[in-house]
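Spelled out, the chains give:
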Amino acid sequence: MTPVAEIVSVSDLLNVVWTAFLAGIGVCMIFSFAIVGFARGTDARREKAGGAAIAYFVLMAVALTAVMGAVVFAVIVMTSK
Amino acid sequence: MDSDVILIIVVATALAFDFTNGFHDTANVVATSISTRAMAPRIAVGYAALLNFLGAFLSLEVAATIANGIVDADLITPLIVFAGLIGAIAWNLITWYFGLPSSSSHALIGGVVGATLAAAGPDAIISDGLLGKVVIPALVAPTLAFCVAGLGILLVYRIVGRLHPGPVTRGFKAGQVISGGLLALAHGTNDAQKTMGIITLALISSGHLGTGADPPLWVIASAASAIALGTYFGGWRIIKTMGSRIIKMDAAQGFAAQGSGAAVILAATHAGFPLSTTHTISGAVMGAGAAKRFSAVRWGVAGNIVVAWILTLPAAAAIGALTYGITRIFGEGAMGPIVVSSVLIALIGWTFARRLRQGSPITAAEGA
C-alpha cells in the first residue's frame, strides 16, 4: 500500500497552505493599513495638521499600491506556469 | 459517424454542465458583495460574469489534472465521459431538489470515476491522483479558507478597531470591488477548467487529441463563455430570491472572506487541485463569521457540507456507473446517449417545474 505522504504531493499542498496564508492575511492587513491612512489622514486634515495628514495619506497610497501589486503578481504567477 | 455524434453530445453536455455550474455558483461569488451593499446587484453580477470569463484563460493546471490525472485517458471512451457527465448532472439535480449543498466539482469527478469503474474496471482509475489531487485537497481547502479568513478578520479588527466605523465601512466596501473581483476570477479559473478537462478527455478518448494534450483554444473559449453566461443568468434569479438567505456580515468580514477564499482557490488552482469552490468560499465566510461571533455562523450549513462531502463522490459515481450500463443496452453507437439525454432533459424540465411551484430551496452555500 502506498503511503499517503507519497500519494499526496506534500510540497504542493504546503505551498498552497503558506501561499494562501501569506496572500489572504497579508492583503487583509495591508488593506487595513490603507483604511487607517485614509481615516486618520481625513481626521488630521480636518484638524489642520498638514504634516500628519500627508504622512497618513502616503501610508494609504503605499498600502493600496502594495495590494494592487499583490493582485497583479498573483495573476502573473497564475499565467506563467 | 456514430463516434462524432457521441462526441458532439458529450461536448454539448459538458458545456451545459459548465453553464449550470456558473448558474449555481453566482450566489457564492456575488452574495457577499451584495449583502454588504458594496456593489449594486446588477453591477456585481455583470462584473462576476466578466471575471469568470477572464479567469478561465489564466491557467490549465486543473484541466490537466481532470484530463490526465484521475483516470487513464487511454482506456476511456467518449461513452464513459458521457455517462460520467450524466452522473454529475443527475446528482446536482437531486441535491438541488432537496436543498443539499453539493459540490458540482466532486459530482463531476465522482461521475467520471463511477462510469470508468463500470466500463474499464479499477485499473483505469489513477487512485493516487484521485486521493492526492482531489480527496485530500477537498478536505484541506475549506478548513484552510476558514482559518485564513478567521485570522485575517481578527487582525483587521485589531488594526481598524479604534477608528470611526463610517470610513472603515466605506473603505472595506471599496475593497470588496477588488476582493469580489479576485474571487470571481478564482472561481472562473478553477471551475471552468474542470469542463475543459472533461472535453479534453473526450477528445483524447475519441482520438482527436494525443494523450497528455492541453485543451485547444476553442475548448477554453467555449468553457469560459458557458460559465460566464451561467453566472450572468444565474445572477438575475439570485437577485430575485436573495431575501434573508444571504449571510449577513459587515464589509470588513466580506472583504476578509472574499480575499481569503480567492487566495486559497488561486493557490490550489496553480498546484492543479480541482477544488469545490463552494465549499472553499463557505469555509471562508464561516471563518470570517466565527472569528467575530461563534454563534453567528450557521453551523447547520457546515454540517450539511460535511454530509455532502461524504455522499457526493460515491453517489455521483453510482449514477455514472448506472448510466453507463443503461447506455450500453443500446450498444456502442449514438442511440444510447441520445435516449439518455432525451430522458434527462425531460426529467430536468419536470423537476424545475415542480420545484418552482414549491419554491426554490437554493441557498448561498450551494453549488460547486
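Please refer to the structure higher up on the page.
The structure presented is a predicted model; accordingly, all values stated were derived computationally and were not measured.

Enquirer: Whenever I open this one, the overall build of chain A confuses me. Can you help?
Expert: When helices and strands are counted, chain A shows three helices and zero strands. Put simply, chain A runs from its N terminus to its C terminus through helices and strands in the order α-α-α. Counting every position in chain A, which comprises 81 residues, the buried fraction comes to 31%. Considering only contacts within chain A whose residues lie at least 6 apart along the sequence, 55% involve residues at least 24 apart.

Enquirer: Honestly, the nonpolar core in this entry has me stumped. Any pointers?
Expert: Proteins that are soluble and globular tend to have nonpolar side chains buried together. All names here are of chain B. Val10, Val81, Leu85 and Val264 are the most contacted members of the largest nonpolar core, which totals 145 residues. At 16 residues, the largest contribution of residues to this core is made by helix α7 (residues 165–205). With near-sequence residues (within four places) excluded, valine 10 lies in contact with Pro78, Val81, Phe82, Leu85 and Ala202.

Enquirer: What's the story with the packing of helix α1 (residues 2–35) of chain B against α7 of chain B in this structure? I'm lost.
Expert: The angle between the axes and the distance between the axes are what describe a pair of packed helices. All names here are of chain B. Contact geometry for α1 and α7: axes closest at 10 Å, N-to-C directions at 165°. Taken together, α1 and α7 sit at an angle that is classed as roughly antiparallel. The two elements α1 and α7 meet at a crossing, and its hand is right-handed. Between α1 and α7, the residues in contact are Leu7, Val10, Val11, Ala14, Leu15, Phe17, Asp18, Asn21, Asp25, Val29, Thr32 and Ser33 and Gln176, Gly180, Leu183, Ala184, His187, Asp191, Ala192, Thr195, Ile198, Ile199 and Ala202, respectively. When its residues are assigned to classes, the contact of α1 with α7 shows 13 nonpolar, seven polar and three charged.

Enquirer: Help me understand unusual backbone geometry in this model?
Expert: Negative phi is the rule for most residues except glycine; trans is the rule for most peptide bonds. Phi is positive for lysine 48 of chain A, which is not a glycine, with a value near 60°. Checked against the element boundaries, lysine 48 of chain A lands in the loop between α2 (10–46) and α3 (50–80). The phi angle at arginine 37 of chain B is positive, at roughly 60°, despite the residue not being glycine. Tracing the backbone through its elements, the reader meets arginine 37 of chain B in the loop between α1 and α2 (41–55).

Enquirer: Explanation requested: the interface of chain B and chain A in the structure shown.
Expert: The accessible area lost on association of the parts is a frequent measure of interface size. Listed per partner, the contact involves 39 residues of chain B and 34 residues of chain A. Only α6 (127–160), α7 and α9 (251–271) of chain B provide two or more residues apiece to the side of chain B that touches chain A. It is α6 of chain B that provides the largest number of residues to the side of chain B that touches chain A, a total of 14 residues. Of the residues assigned to the side of chain B that touches chain A, the class counts are 27 nonpolar, ten polar and two charged.

Enquirer: What is the right way to look at the packing of α1 of chain B against α2 of chain B in this model?
Expert: Residues and elements named next belong to chain B. In contact at an axis separation of 10 Å, α1 and α2 are set at 125° when each is read in the N-to-C sense. Looking at the two axes, α1 sits oblique to α2. Crossing hand, α1 versus α2: right-handed. Across from Gly22, Thr26, Val29, Val30, Ser33 and Ile34 in α1, the residues of α2 making contact are Pro41, Ala44, Val45, Ala48 and Asn52. Across the contact of α1 with α2, the residue classes tally to seven nonpolar, four polar and no charged.

Cut-off values and rules
- Residues numbered from 1 in each chain as written.
- Chains lettered and ligands numbered in written order.
- Predicted model: local features only at pLDDT ≥ 70, side-chain atom pairs only at ≥ 80, totals over all residues.
- Helix = DSSP H or I, 4+ residues; strand = E, 2+ residues; numbered from the N terminus.
- Buried ≥ 20, exposed ≤ 12 C-beta atoms within 10 Å, placed from the backbone.
- Contact = placed C-beta atoms within 7 Å.
- Core = buried A, V, L, I, M, F, W, Y, C linked by C-beta atoms within 7 Å.
- Axes fitted to C-alpha atoms, helices over the stretch in contact; angles between N-to-C directions.
- Parallel < 35°, antiparallel > 145°, perpendicular 65-115°, else oblique.
- Left-handed = near helix turned anticlockwise from the far one by under 90°.
- Nonpolar A, V, L, I, M, F, W, Y, C, P; charged D, E, K, R; others polar.

Treat this as a map of the structure, not an account of what it does.
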